[in-house]
Structure formats: structure tokens, C-alpha cells
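Take a look at the letters that make up each chain.
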There are 2 protein chains.
Amino acid sequence: MEKKRTEIASLGEFGLIDRLTGGFTVHNPTTVKGPGDDAAVIRIEGASELTLLTSDLLLEGVDFDLSYFPLKHLGYKTVVVGCNDILAMNGLPRQLTLSLGISAKISVEQLDELYEGVRTACEELGVDLAGGDTTASVTGLAIGITVLGSVAPDRIVYRSGAKPNDLICITNDLGAAYMGLHLLEREKRVLHDTANPQPKFEGYEYLLQRQLRPRAPIDVIRSLAEEKILPTSMIDISDGLASDLLQLCKSSGCGARIYLDRLPIAKETYAMAEELHADPVVAALNGGDDNELLFTVPLEDQERIMRMGGAEVIGHITEAGTGAALVTPDGSTIPLKAQGFHGN
Amino acid sequence: MEKKRTEIASLGEFGLIDRLTGGFTVHNPTTVKGPGDDAAVIRIEGASELTLLTSDLLLEGVDFDLSYFPLKHLGYKTVVVGCNDILAMNGLPRQLTLSLGISAKISVEQLDELYEGVRTACEELGVDLAGGDTTASVTGLAIGITVLGSVAPDRIVYRSGAKPNDLICITNDLGAAYMGLHLLEREKRVLHDTANPQPKFEGYEYLLQRQLRPRAPIDVIRSLAEEKILPTSMIDISDGLASDLLQLCKSSGCGARIYLDRLPIAKETYAMAEELHADPVVAALNGGDDNELLFTVPLEDQERIMRMGGAEVIGHITEAGTGAALVTPDGSTIPLKAQGFHGN
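Just so we're clear, the structure is a prediction, and the values are computed from it rather than from any experiment. (Residues numbered from 1 in each chain as written. Chains lettered and ligands numbered in written order. Predicted model: local features only at pLDDT ≥ 70, side-chain atom pairs only at ≥ 80, totals over all residues. Heavy atoms only, no water.)

**Some words on the domain arrangement of chain A**
Residue and element names in this part refer to chain A. If you check the domain split of chain A, you get domain 1 (8–151) and domain 2 (167–335). Its C-alpha centre places domain 1 at a distance of 22 Å from the equivalent point of domain 2. Counting from both sides, the interface comprises 26 residues of domain 1 and, opposite them, 28 residues of domain 2. Of the roughly 2,300 Å² buried where domain 1 meets domain 2, counting both sides, 56% is carbon and sulfur surface. Where domain 1 packs against domain 2, one counts 4 salt bridges. Here Glu 124 and Arg 215 are joined by a salt bridge, their closest N and O atoms 3.9 Å apart. Inspection of the region where domain 1 meets domain 2 yields 5 residue pairs in polar contact (both at pLDDT 80 or more). Of all elements in the fold, only helix H1 (12–21), helix H2 (71–87), strand S4 (92–102) and helix H3 (108–125) reach the threshold of two or more residues within the side of domain 1 that touches domain 2. If one sorts the elements of the side of domain 1 that touches domain 2 by residue count, H2 sits on top with 8 residues. (Domains from an automatic or database assignment. Contact = heavy atoms within 4.5 Å. Buried area = accessible area lost by both parts, 1.4 Å probe. Salt bridge = Lys/Arg side-chain N within 4 Å of Asp/Glu carboxyl O. Polar contact = N/O pair within 3.5 Å; in protein donor to acceptor, adjacent residues only side chain to side chain. Helix = DSSP H or I, 4+ residues; strand = E, 2+ residues; numbered from the N terminus.)

**Quick word on the environment of A:Leu125**
All names here are of chain A. Secondary-structure assignment places Leu 125 in helix H3. For Leu 125, a relative accessible area of 7% gives the class buried. Ignoring anything within four residues of it in the chain, the contact list for Leu 125 reads Val 79, Cys 83, Pro 93, Ala 216 and Ile 218. (Buried < 20%, exposed > 50% of the residue type's maximum accessible area, 1.4 Å probe, protein only.)

**Section: the pattern of salt bridges**
Evaluation of the coordinates by the stated rule reveals 36 salt bridges over all chains. B:Lys4 serves as the salt-bridge partner of A:Glu109, at 3.8 Å between the closest nitrogen and oxygen. Of the two residues, A:Glu109 sits in helix H3 while B:Lys4 sits in the segment before helix H1 (12–21), which places them in two different chains. The exposure class of B:Lys4 is exposed, given its relative accessible area of 62%. Among the ionic contacts, a cluster of salt bridges with common partners joins A:Asp37, A:Asp38 and A:Arg159.

**Details of the packing of helix H4 (residues 176–190) of chain B against helix H5 (residues 205–212) of chain B**
Residues and elements named next belong to chain B. At a minimum axis separation of 7 Å, H4 and H5 run at an interaxial angle of 100°. Between H4 and H5, the crossing angle belongs to the class labelled roughly perpendicular. Only Tyr 206, Leu 207, Leu 208, Arg 210, Gln 211 and Leu 212 of H5 make contact with H4, whose side of the interface consists of Ala 176, Ala 177, Tyr 178, Met 179, Gly 180, Leu 181, Leu 183 and Leu 184. Within the contact of H4 with H5, the residues separate by chemical class into 11 nonpolar, 2 polar and 1 charged. (Axes fitted to C-alpha atoms, helices over the stretch in contact; angles between N-to-C directions. Parallel < 35°, antiparallel > 145°, perpendicular 65-115°, else oblique. Nonpolar A, V, L, I, M, F, W, Y, C, P; charged D, E, K, R; others polar.)

**Topic: the packing of aromatic side chains**
Applying the stated criterion across every chain yields a total of 2 aromatic pairs over all chains. Ring geometry for A:Phe24 against B:Tyr115: centres 6.2 Å apart, planes inclined by 90°, an arrangement best described as edge-to-face. Of the two residues, A:Phe24 is situated in the loop between H1 and strand S1 (31–33) and B:Tyr115 in helix H3 (residues 108–125); the pairing between them involves two chains. Its relative accessible area of 4% is what places B:Tyr115 among the buried residues. The lysine or arginine in question, B:Arg213, covers the ring of B:Tyr76, its NZ or CZ lying 4.0 Å from the ring centre. (Phe/Tyr/Trp six-rings, centres within 6.5 Å; stacked < 30°, edge-to-face > 60°. Lys NZ or Arg CZ within 6 Å of the ring centre and 35° of its normal.)

What follows is the structure, given as C-alpha cells:
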């Protein structure tokens, strides 16, 4: 008799994690919040701050392509990807560990480059490299990153706290990293048979930087603290705005309206979209790899958020049952759809 | 001009980690101990206990072979491998995160099995699954495990505290997991072209259990606390006794003598070694995958250690400069040699 076989794609990443982690019981009183948010929350006895814990896995051929991704940038981006999960709880990253599965084609000098990028990101974000593990890999490079962070108990923000009429804010702009990826893939195809490839990247620096060396929005977390603004909910945008906003709405039990003409899209993203005959709004909604933050604040914080800078208001939270939708300038609403299973 | 290329094997795993993690500065006062021990040590302000952090990466084709490794056992063993690094600091595991890179050939039902093993190990060890990440993999299954643990400040044990005349102790027996691996590899070769493979495992249950479903030596950590014995140093045996004892000696700045006739080797390991025309002592010294603990205690604790049970005294620590060696019954000494780079 054939065993039942359910494809992972049929559940989606969030559905899969819910199913797999459902049957576990909690043994330690220090475990405040397990799976289901950007990071786990741990309350160590006597500690003045909560501890945050998050892990990510980045695999060659899925999350990065070493034929065009410089190892120094990969090291930097790995740290940013890990730390963003801590920022998304309104916390600050403190320690990290890096585990590497290293294929035989990688030399020590290449690992030096990877670690140079890790070191630069650690300096910028004030994080300490606290440990690591190396193992051989018979396939490609595999990178596991774990970040520990901290946050005061009265400053922690979950995905689940958004309320109707809250303002929806995002940091920086969207879709540029996705366009940068397309550009790199195009140059890779064009130059595939060239003996001495000279990729043409002039004028595309912004898109490449957003793909290869994204900055963590740590300044926004610091500004929120200085301005004494406490978001009601927050999530890391990595799967695309649509997917992550739907997740936030699900966790908070609410709907959302975001406005097409409020979506922050860089002029370089528009230009590249035109060149590729692609839709920049689709890139912004579903492109992924943005490494930004999506958060909500009470309506009364509107002025303070606008004065603070670093984040744009793109819409507002609505009652449960109203769904999450994009509102176009002519007033029609388009329901948001999540992406399928594609990692991170 | 060709870039300089140094092969990773020429440095070894420990040399590699030293090189890569050397140039990092510490930014957070909470970071007590970074890379270089089984787990990082973090002192969170106000907390009564120290926090321990460790990460490992297990890759298909290197650390496990899915053609004979049941997923349930793999999930169980992954948790044990992670938790042993916490035990090796004399701590107890509290929370863990699991990151999976999942290839298309894996079904949801197979992941259910993997998580069933994870859940069983979590129950036995009192650990909470606190988070996870899933990503697609274009190659094999990749598993990242991170474990947080805790230990009282006056109970923490590093690799670096061994002193001359201290007794060298190990938990359980050595070499059986390695023999189990050989048995599985042999059956895989024999049955490669068989339509309906019926591997012959009768009588080999102990070796298979040691390879496929090793138990974490958590009882020994609890007994040491109950007996008020504080080891002077401790390390997880995963690369083989020789390699890990050398590492402990290097960290502690000392030498060691272990006695051939004291090495705990199970009768099943002897029998299998005879069948394979292999040396059971080599399996015990260099086989790897034992998932046991190596620790040292002051000479005056000898009686208490023997009364406690669960650990055998196999030798003693010697002065710096005397090297680490195996002493045979006829009194000759054989210097111990470390294994090369092979992960974990």
C-alpha cells in the first residue's frame, strides 16, 4: 500500500510550520512565546529584559547564487537577514552564531571574505559573533544564522496586536531588491558564454545594493524608542509586502487597506520595471527579499510617525472579515494574495 | 594573477574557526564567552543563571544518509547533538529552534516523522521547541539546530580548566556508533541491487541504536549536581575521543595519559570489529559520532565519581609539554592524533 504523500507546497510555509510545531508541549516557565512570530521570546528569571531568539538557513542555489553574489556581501546580508527578525520584535540584536556547510570548491580565502562581510555587519549593528560550527557539504554552501536579541518587557511588539484604524507603516521602499535580482540573473544569462565577462551595472547601483547589501532598519527601531512610539504590531518583510501583511492580519485577527499611490517604490525600480516590461507594483507586493519592516501604530501617532522619518504610512487596519486589499486611485479594491512556499 | 588558495583541510576545523573568528570585537557586556567552547556564554543583566547558546548544521550526504536513516530517528538525534553542547558546559537545555532546508522529494508526512522524533527528544530532555524556519533546498535535506541552555554561574564548566592529576572521565562507551554506521553502509551496498531489501540487523540492535538514536548523557549532568561534583573541564565527544581530548588539553594547557585497558568498549563493538577485520580501539579513539561527554575531576573526587556511576575514569591529566597519549598494558605510550576536517 502506498503511503499518503502531501506536497509541502499545498500547505504553504506558514501552514507547514503550524502543522509541524502544533503538538509540542512547553516544559520551561522561561518560554514565553514559541513558534509563530519573527522570534521566540524567553524570560530568564531575574532578568530585566526579555531575550529574543531567531534562526534562519540560507542555501546556495535557493537563497543565493555564488556566480554573481560576492561572498563579502553574502556574509553581510546573512547577518542582516538574521537581525531583522529581532528588530521585528522591536528588539536589538546582541549575539549571533554562524554555522557553515562548506563545499570543497570553497577556499579559506573565500571564507575570509564571507567573514569580512559578517564582521562589517556586526560592527554596524552592534552584534557579537558568539559561536559557530563548520561542517563539510557535498552540495553547495549552506549558512545557518542564529541571533539573540533583547527588548524591555514594556517595549516588545508581536504580530498580533494590530487594531482597526491603526496606521500601516513600512520602512524604506519596496521591490528594488527583486529588480536587482532580475538584473543579476539577466547579466548572468547574457554573459554565460563570454570568456571575459564584463557585466554592465552602471546606473543600476541602487538596485544592486538593495539586493546584494541591504541595510537593516535598526535606525527606525531606535527612533521609535526615542520618540516613545510603541507599534501595536510588527513583522519583517521578507516574503513580500502582500504575504507578510496577510500574516500580520491573520495573527491580529483583522483586515487591511493599503493604497497603491502610497506604496514607496524607488525611481530606479520603475525604470528597471519598464526595461523588463514588468509591473513595479507586483515587484513591490510580491517580489520579496526587501528586508524591511511592516508595523502598525495607533492613529493618534500619525504626526509623530511622519515627523520621525524613516517610515511611510501606506494604509490602515480594518475590522476582521474585511480582508486585506490594495486600493487603486480610482477607488477599486484588489484582494492581496500570498506567495507560495519559497523560503526565508 | 591567480589568487592564493588555501584548502580548508590544511587548517582543520578548529584552526579554521580560530582564523575566521579571530578579528571580531565584542560590543555587548552580556557576551561572556564567544567562540572556542561547546557553547557561547551570555550573562543577561539581573539574571540568576547564565545563558548558553549553541548551533549545529546537519547535512544530507555528510552527516546522515536518508537511504537508511529513519526520519524519526534523525529528528531525535538532531536534538541530542544540539543539546550535548549545552550539557558539555554542565548546563541544561531549555529552548531550541530548528531550521530546515527541504528538498522537493520530501513530503509533509516525512516531515511529520522527523518532528515526531524531535518531539520525543524534547520530552525526554525537557526542552521547548521555540521556533523554526523552513526554506526550499535544491540539493538535500539541511537541518540547522540551535539550543539555548542555562547554568548557575558557580556550576559552569569550560574546556579550559583541567589541571595536572585531574582524572579523565567519559560517559557510556565509545566506538559503537561508528560500528553501527559501518554496518548500515555495508547493508546499503549489499542491498543496492535488491528489489525488496531485507537488511539483516538481528543481533546488532545495540550498535544501530548508538548510531541512529543516541541518548544524551543528561543523567550524568544531573548526578554531578546531586553529588556536588564540579568537573574542572568538559567537552562533547563528537569528533572522536582522540580529537576532543587533544582539544581539551590545548584549551587547558596540559597533557593527558589515557589507558588502553580502561577504554569502555562494548562487547558488540568488539564483535563487529572482528567481523569487519577492524580495530575496535581505533573506532573508540577516532570513530566519532559518540555523542558522549569527556570531563575531568579533581583526584579527590575519585571515590564519589565511581559511586555516582554513569562515567568511567580512563586516565589523568599531565603537565603541559607532555602531550596526550594512549598507554598500552605493556607501558608503551602512543601519541594521540586528531582527525581531519569532517564536520560536527
